[in-house]
Amino acid sequence: NKESDTYDFSYVFKNISHYIQNSDISIGNLETSFAGKDRGYSNYPTFNSPDALAYNLKDMGLDIISTAGNHCLDMGFSGLSRTIDVLDDAGIKHLGTYKTQEEQDKILIQDVKGVKIAFIDYTYGTNGIPVPSDKPFSVNLIDKDLITKHINKAKSEGVDMIVACMHWGIEYQSLPSKKQKFLADWLLQKGVDHVIGSHPHVVQPIEVREDSLTKEKHLVVYSLGNYISNMSARRTDGGLMVRMELVKDSTIRLNHCEYSLVWTARPIQSGKKNHQLLPINLPSDSIPVNA
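K.L.:
How do you make sense of the packing of aromatic side chains when you look at a structure like this?
P.N.:
Aromatic ring pairs: the centre-centre distance and the angle between the two ring planes describe each pair. Summed over all chains, the structure comprises three aromatic pairs. Each ring, one from Tyr7 and one from Tyr41, has its centre 5.5 Å from the other, and the planes form 85°; the classification is edge-to-face. You can see Tyr7 sitting in the segment before helix H1 (10-13) and its partner Tyr41 sitting in the loop between strand S1 (27-29) and helix H3 (52-60), a full 34 residues away along the chain. Taking the relative accessible area as the measure of exposure, Tyr7 reaches 42% and is therefore partly exposed.

Here's what the structure looks like:
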């Protein structure tokens, strides 16, 4: 709105917000920063978005957002810090980037209907922008020692489940890399229960793994693809929303999971002024858990 110099992105999500709002807890991935208007709003290769987006995401129903990614330092440590402040003010929990060592050492744990879920988050890198040498805590990089430390901390706090958010893989590749597969295996061996991947900008396979000893089911989503973006390359104009149903009886188990596809309608295609997210298939497609 040029007259009031304000932004409103709520229209982007109006056709899919009910999916998010109907969940007990929801998590997404942020590929931009909220460094402030004075830094100049910008797109590729360094992103800075209006604060309004954070508040619109909260209104959409998003509870948690992972911030460790290759663009988290696009606007430097000050931009990273302000992004955290904006998310705090919007009331969205976040993980993956931090302002202090004390904050990085904490594990984000959410009690969802009596189930304690720990969330951890890591990125392969920051697009060549160095993590400040005096602030190594600011970004969770994919480092086995750091990940092990966080997994052990989560276990020590008596969580029922650990979910790892991984910013990994090769952009535009529809199959996971050897490194992604190796890391997924390693994470599950270390005690992570479910893995949610992002970064490649295209959808990659979803797997339900079964532990040969415990018979527990583990969901591995290698890449959700894109949600809302302006990308036009093949397979980048949409992505997945994945839904997990957990049941607590004698143990916590994955009872059911499914996905819905979303497509970004861009003005050049829709003939409308603005971008908009549209659901592609209803009802959601089930992912076999008992296969």
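K.L.:
Please explain the packing of helix H6 (residues 144-156) against helix H7 (residues 178-190) as it appears in this structure.
P.N.:
Packed helices, taken two at a time, are described by the angle their axes make and the gap between the axes. At a minimum axis distance of 11 Å, the contact between H6 and H7 shows a crossing angle of 30°. Classed by the angle they form, the pair H6 and H7 counts as roughly parallel. Crossing handedness for the pair H6 and H7: right-handed. Counting all contacts with H6, which are made through Lys144, Ile147, Thr148, Ile151 and Lys155, the residues of H7 involved are Phe182, Trp186, Leu187 and Lys190.

K.L.:
Looking at this structure, how should I read the sheet that holds strand S4 (residues 108-112)?
P.N.:
As a general point, the strands of a sheet are linked pairwise by backbone hydrogen bonds and lie either parallel or antiparallel. The strand order S4-S5-S6-S7-S9-S8 describes an open sheet built from six strands, whose pairing is mixed. Both outer strands of the open sheet, S4 and strand S8 (206-210), are each paired with one neighbouring strand and no more. Sheet twist, expressed as the average angle between the axes of neighbouring strands with direction ignored, equals 20°. Two strands pair when backbone bridges link them, and strand S7 (residues 194-198) and strand S9 (residues 217-221) are joined in this way by two bridges, in the parallel orientation. Bridge pairing in S9 links Ile196 to Val221. On top of the sheet, H6 reaches strand S5 (115-123) and strand S6 (161-167); it is set at about 170° to S5, its chief contact.

K.L.:
Would you take a moment to explain the pairing of S8 for this structure?
P.N.:
For a regular strand, the rule is simple: side chains alternate between the two faces of the sheet. Bridge analysis of S8 against S9 gives five bridges, and the strand direction is antiparallel. Among the inter-strand pairings, Ile206 is bridged to a residue of S9, identified as Val221. In textbook terms, the turn of a hairpin is the stretch between consecutive antiparallel strands, and for S8 and S9 this stretch comprises six residues, one of which, Lys215, has a positive phi near 65°.

K.L.:
Can you help me understand H7 in this one?
P.N.:
A turn of α-helix holds 3.6 residues, and therefore any two residues three or four places apart point the same way. In a regular helix each residue adds 1.5 Å, so 13 residues correspond to 18 Å; H7 covers 18 Å between its end C-alpha atoms and thus fits that length. Gln180, Leu183, Ala184, Trp186, Leu187 and Leu188 are the residues of H7 that are buried. Close packing links the buried residues of H7 with H6, S6, S7, S8 and S9. Backbone geometry just downstream of H7 places Gly191 in the positive-phi region, at approximately 120°.

K.L.:
I tried to follow the side chain of Asn48 on my own but got confused; where do I start?
P.N.:
In this structure, Asn48 sits in the loop between S1 and H3. The exposure class assigned to Asn48 is buried, which follows from its relative accessible area of 2%. Among the polar contacts listed, one links the side chain of Asn48 to the backbone oxygen of Gly36, at a separation of 3.0 Å. Asn48 has contacts with Thr32, Ser33, Phe34, Ala35, Gly36, Arg39, Gly40, Tyr41, Ser42 and Met75, leaving out every residue within four places of it along the chain.

K.L.:
Even after reading the chapter, I still don't get the nonpolar core, so can you show me in this structure?
P.N.:
Nonpolar side chains tend to gather and get buried jointly when the protein is soluble and globular. Residues Ile120, Ile162, Met166, Trp168, Leu187, Val192 and Val195 are the most contacted members of the largest nonpolar core, which totals 22 residues. Looking at this core, the elements with two or more residues in it are S5, H6, S6 and H7. A per-element tally of this core places H7 first, with five residues. Residues within four places of Trp168 in sequence aside, it is in contact with Tyr124, Ile142, Gln180, Leu183, Ala184, Val195, Gly197, Ser198, His199, Pro200 and Tyr222. Core analysis: the next-biggest nonpolar cluster, separate from the first, contains 20 residues, Phe34, Ala90, Met241 and Val262 among them.

K.L.:
Would you explain the side chain of Asn70 in this entry?
P.N.:
Take Asn70: it is sitting in the loop between strand S2 (64-66) and helix H4 (76-90). A polar atom in the side chain of Asn70 sits 3.5 Å from the side chain of His71. In terms of polar contacts, Asn70 uses its side chain to reach the side chain of Asn127, at 3.1 Å. Contact partners of Asn70, with chain neighbours within four places excluded, come to Glu31, Thr123, Tyr124, Gly125, Thr126, Asn127, His167 and His199.

K.L.:
Help me out: how do you make sense of the pattern of salt bridges in this one?
P.N.:
Opposite charge on two side chains permits pairing when their charged atoms draw close. In this structure the tally under the stated criterion is 11 salt bridges. Two residues, Arg209 and Glu207, come together in a salt bridge whose shortest N-O distance is 2.7 Å. Between Arg253 and Asp249 there is a salt bridge, with the nearest N and O atoms lying 3.1 Å from each other.

K.L.:
Mind showing me how you'd approach the sheet that holds S1 here?
P.N.:
Pairing within the open sheet is parallel, and its three strands lie in the order S1-S2-S3. Each edge of the sheet is formed by a strand with only one pairing partner; in this case those strands are S1 and strand S3 (93-95). Going from strand to strand, the sheet's axes swing by 25° on average, the running direction of each strand aside. Of the pairings in the sheet, the one linking S1 to S2 comprises three bridges and is parallel in character. Counterpart to Gly28 in the pairing with S2 is Ile65.

Rules used throughout
- Residues numbered from 1 in each chain as written.
- Predicted model: local features only at pLDDT ≥ 70, side-chain atom pairs only at ≥ 80, totals over all residues.
- Heavy atoms only, no water.
- Phe/Tyr/Trp six-rings, centres within 6.5 Å; stacked < 30°, edge-to-face > 60°.
- Helix = DSSP H or I, 4+ residues; strand = E, 2+ residues; numbered from the N terminus.
- Buried < 20%, exposed > 50% of the residue type's maximum accessible area, 1.4 Å probe, protein only.
- Axes fitted to C-alpha atoms, helices over the stretch in contact; angles between N-to-C directions.
- Parallel < 35°, antiparallel > 145°, perpendicular 65-115°, else oblique.
- Left-handed = near helix turned anticlockwise from the far one by under 90°.
- Contact = heavy atoms within 4.5 Å.
- Pairing = 2+ DSSP bridges.
- Expected span 1.5 Å × (residues − 1).
- Polar contact = N/O pair within 3.5 Å; in protein donor to acceptor, adjacent residues only side chain to side chain.
- Core = buried A, V, L, I, M, F, W, Y, C linked by side-chain atoms within 4.5 Å.
- Salt bridge = Lys/Arg side-chain N within 4 Å of Asp/Glu carboxyl O.

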